[in-house]
Amino acid sequence: MDFPIFHLDWLNNRMLIAIIAIIHVMINHGLAVGFMPLITWLEQKGVKKSGMNQITDLDWDKRIYNMMKIAFIITTTLGAMTGVGIWFSVALVSPTSIGSLIRVFYWAWFVEWLVFVTEVILIMIYFLTWKSSNTTLRGKLLHIRFGWFLSLFSWITMAIIVSILSFMMDPGNWNTHKSLLNGFTNPIYLPQLLFRTPTAMLVGGSFGMLLVTLFFKKGTDLRMKAVKYISKWIILWAPISLVGAVIYYNSIPEAMTANMSTAVGTMDFNQYYDLMKYFILFGISSSLIMAVMGLYKTRWIKSYVVLFPVVMAFAYLGFFERVREFVRKPYVIGGYMYSNLLLEEDYPVYQQYGLLKNATYTTVTEITPENKVEAGRNVFAIACSRCHTTQGVNSVVDVFERMYGIDKPLDINSMASYIPNMHNGRTYMPPFPGTQQESEALAAYIRNIQDTGDVLEGAQSEGVKLSELQNAQTILANKK
C-alpha cells in the first residue's frame, strides 16, 4: 500500500525470498553453526593425539585445515551473498513486513549485528592464523579457543534470528501486549531452536564426512580415525534432531499445519503429503546408517557412499525451511499482517471504502466501465501480486483455470462472486481486502490477461504513479 510494488512475474515474489533464504540457511546452519564446532573438535583431537615432542599431529592438522578452507570459502562467498541477498530481496518484495519486524526487534537485531561482526572477525582470525599457530603449544591452544568462540558466536547469531522467524509464525501474546520481550519469547521460539541446533550439527557432520573422503587418503589410519570421530558426532546429534523436529512440528498452530500440504509442494501435492513424513525420517536415518557404517565398516566409507546421505541431510534442513516460509499463510506475521502486507486491523476500512481509495500508488481511484480492467490491474498488484503472478509461477490464471476448466474462457461473474469468499475454502489465502466493485474489476482483469497473455510489470520496469488522492495538492485541499 505505502511502497511501490516490485514484481517478478516469471518467478513469483515470495519464491524469490524463499530460494535465497533456503540456500542461506543451509549454508549458515550446516557450515557455520554445525561445521565450525566439529572442525574445532577435530583440531583439538590432533593436539590430544600428538606425540610427546609434538604440538599437534601435523599431517592430521593439515587435512583438517583443508576441510576448514572449503567451509571458509563457501561461507564467506555464497553464504555472505545470500545473507545480504535476503535483506535486498525482502526490502524489495516485502518492505512493510521487514519494517514492522525492525520496529519490534530493533535492539535484538542490534545485538545480533554486533555478534555477527564478531563472528566475521573470529572466522578470519581462526582461518588465517591456523598455520602460524602451529609454532607453539600455547599458540595452538589459543587458536583452538578462537574456534570454540567462533562456534559459540555462530550459534548466538542463529539463536537471535530464530526468535524473529518464529515470531512471524506465532507472535503469541505480543498482539495484545506489544513489547520486545513478548515478541522474543514467542511460543515457537524454543521448539524451533531445539530443532535447528541439533539439525545444524547433523548437517555439519554429514558435510564433514564428505570432506574426509576427499582430503584423507584411502586406507590410512588417519582416515579411519576421522571417519570414526565424525560418525560418533552424527550418532550423537541425529536422534536429538529427530526429537527436536517432532517438538517443533507439534508447537506449530493447528491452522498452519492444515496448510502443510501446500507448504511442502502445491495443491496437487496434497495426496503425497504423508510421504514427506517418511522423507524426514529418511533424511535422518540415511545419515545414521552412514555413521554406523563409519564405526563398524570404516573402509566402506567412500565419496559415492557418503554423497547421498549428505544431500539428504541438506534437503531435510531445506525442507523444514521451505515449510516455515510458506506454512504461516495467510499471514506474513501471524495474527497481525497478512501475506499481501495489509494489516488485519485495517481490513474493515478497505472493505468499506475501497482498497484503491486508500492506496498510495495506483493509477485508478474511482472505478468506471471504461477503466475497469485497469482498476483490476491495480487491485491485483496491491492485493495479489505478493504471492501470485499473471503468467509465471503460481499464475492467477492457472489457479482459476484449474477451478473452472483448462483453456476455457473464465466467467467474470463467477470469479467476482468467488473472490470475496475464497478464504473460506482456501484458508492459506487472506480475505479479499476490497469492495464488491473492486472484486468485479479484479475478475475482469484476470479474464483480460487470460485472453491477451499480458504480463504485470513491477515498479522497477514501469515506474510509479502516485494516487491522485495522495498528492500534496489534494491533501491540502481536503484540509481546508
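Residues numbered from 1 in each chain as written. Predicted model: local features only at pLDDT ≥ 70, side-chain atom pairs only at ≥ 80, totals over all residues. Heavy atoms only, no water.

Within an unreviewed UniProt entry, the label attached to the protein reads Cytochrome C oxidase, cbb3-type, subunit III, and the organism entered is Flavobacterium anhuiense.

Enquirer: I'd like to hear about the packing of helix α1 (residues 13–33) against helix α3 (residues 58–93), residue by residue, with values.
Expert: Viewed as axis vectors pointing N to C, α1 and α3 meet at an angle of 150°, and their least axial separation amounts to 9 Å. One finds that α1 runs roughly antiparallel with respect to α3. Considering the relative orientation of α1 and α3, their crossing is left-handed. Counting all contacts with α1, which are made through Asn13, Arg14, Leu16, Ile17, Ile20, Ala21, Ile23, His24, Ile27 and Leu31, the residues of α3 involved are Ala71, Ile74, Thr75, Leu78, Gly79, Thr82, Gly83, Gly85, Ile86, Ser89, Val90 and Val93. Classifying every residue of the contact of α1 with α3 gives 13 nonpolar, eight polar and one charged. (Axes fitted to C-alpha atoms, helices over the stretch in contact; angles between N-to-C directions. Helix = DSSP H or I, 4+ residues; strand = E, 2+ residues; numbered from the N terminus. Parallel < 35°, antiparallel > 145°, perpendicular 65-115°, else oblique. Left-handed = near helix turned anticlockwise from the far one by under 90°. Contact = heavy atoms within 4.5 Å. Nonpolar A, V, L, I, M, F, W, Y, C, P; charged D, E, K, R; others polar.)

Enquirer: Explain the confidence of the model for the protein to me, and be specific about the residues and the numbers.
Expert: Averaged over the protein, the pLDDT score is 92; the fraction of residues at 70 or greater is 94%. Overall, residues 266–273 carries pLDDT values under 50, and its contacts beyond four positions in sequence, including any with other chains, amount to eleven contacts. (pLDDT = per-residue confidence, 0-100.)

Enquirer: Run through the packing of aromatic side chains, naming residues and quoting values.
Expert: By convention here, two paired aromatic rings are described through the distance between centres and the angle between planes. Per the counting criterion, the structure on display carries 31 aromatic pairs. Seen from their ring centres, Phe35 and Phe207 are 5.5 Å apart, and the 75° between their planes marks the pair as edge-to-face. Of this pair, Phe35 sits in helix α2 (residues 35–48) while Phe207 sits in helix α8 (residues 189–215), placing them 172 residues apart in sequence. Overall, Phe207 belongs to the buried group, its relative accessible area being 9%. Aromatic rings pair up to connect Trp41, Trp60, Phe216, Tyr229, Trp233 and Trp237 into one cluster. The ring of Phe216 carries Arg63 above its face, with NZ or CZ at 5.9 Å from the centroid. (Phe/Tyr/Trp six-rings, centres within 6.5 Å; stacked < 30°, edge-to-face > 60°. Buried < 20%, exposed > 50% of the residue type's maximum accessible area, 1.4 Å probe, protein only. Lys NZ or Arg CZ within 6 Å of the ring centre and 35° of its normal.)

Enquirer: I'd like a description of the environment of Ile74, backed by residues and values.
Expert: Tracing the sequence through the fold places Ile74 in helix α3. Sequence separation between Ile74 and Lys49 is 25 residues, and the spatial gap between their C-alpha atoms is 29 Å. Residue contacts for Ile74: discarding those within four places in its chain leaves Ile27, Leu31, Gly79 and Phe207.

Enquirer: Lay out the UniProt feature "domain: Cytochrome c" (unreviewed entry) in the protein in plain terms, naming residues and giving numbers.
Expert: Mapped onto this numbering, the UniProt entry annotates "domain: Cytochrome c" (unreviewed entry) at residues 371–450. Counted over residues 371–450, helix gives 59% and strand 0%. Its end C-alpha atoms are 18 Å apart. (UniProt positions renumbered as here; feature names shortened; annotations may be inferred.)

Enquirer: How would you summarise the pattern of salt bridges if you had to cite specific residues and measurements?
Expert: Close approach of charged atoms lets side chains of opposite charge pair. Throughout the structure, instances matching the rule amount to nine salt bridges. One salt bridge in this structure joins Asp61 and Lys140, with 2.7 Å as the shortest N-O distance. Taken together, the residues span a long stretch of sequence, with Asp61 in helix α3 and Lys140 in helix α6 (residues 137–169) at a distance of 79 residues. Owing to a relative accessible area of 3%, Asp61 belongs among the buried residues under this scheme. Arg377 is the partner of Glu374 in a salt bridge, and the nearest nitrogen-oxygen pair spans 4.0 Å. Here Glu374 and its partner Arg377 are both found in helix α15 (residues 372–383), three residues apart, which amounts to about one turn of the helix. A residue is classified by how much of its surface remains accessible, and Arg377, at 18% relative accessible area, is buried. One connected set of salt bridges, linked through shared partners, spans Glu43, Asp61 and Lys140. (Salt bridge = Lys/Arg side-chain N within 4 Å of Asp/Glu carboxyl O.)

Enquirer: Describe the nonpolar core, naming the residues involved and giving the relevant values.
Expert: Side chains that are nonpolar tend, in soluble globular proteins, to be buried together. Counting residues in hydrophobic clusters, the biggest one holds 60 residues, and the most contacted among them are Met67 and Met68. The dominant element in this core, judged by the number of residues it contributes, is helix α9 (residues 221–251), at eleven residues. If we ignore the near neighbours within four places in the chain, the residues touching Met68 are Phe35, Met36, Ile39, Ile123, Tyr126, Phe127 and Trp130. With 36 residues, the next largest nonpolar core counts Ile5, Tyr347, Val379 and Phe380 among its residues. (Core = buried A, V, L, I, M, F, W, Y, C linked by side-chain atoms within 4.5 Å.)

Enquirer: Outline the side chain of Ser94, listing residues and values.
Expert: Checked against the element boundaries, Ser94 lands in the loop between α3 and α4 (95–104). Overall, Ser94 belongs to the buried group, its relative accessible area being 7%. Not counting residues up to four positions away in its chain, the partners in contact with Ser94 are Ile17, Ser89 and Leu341.

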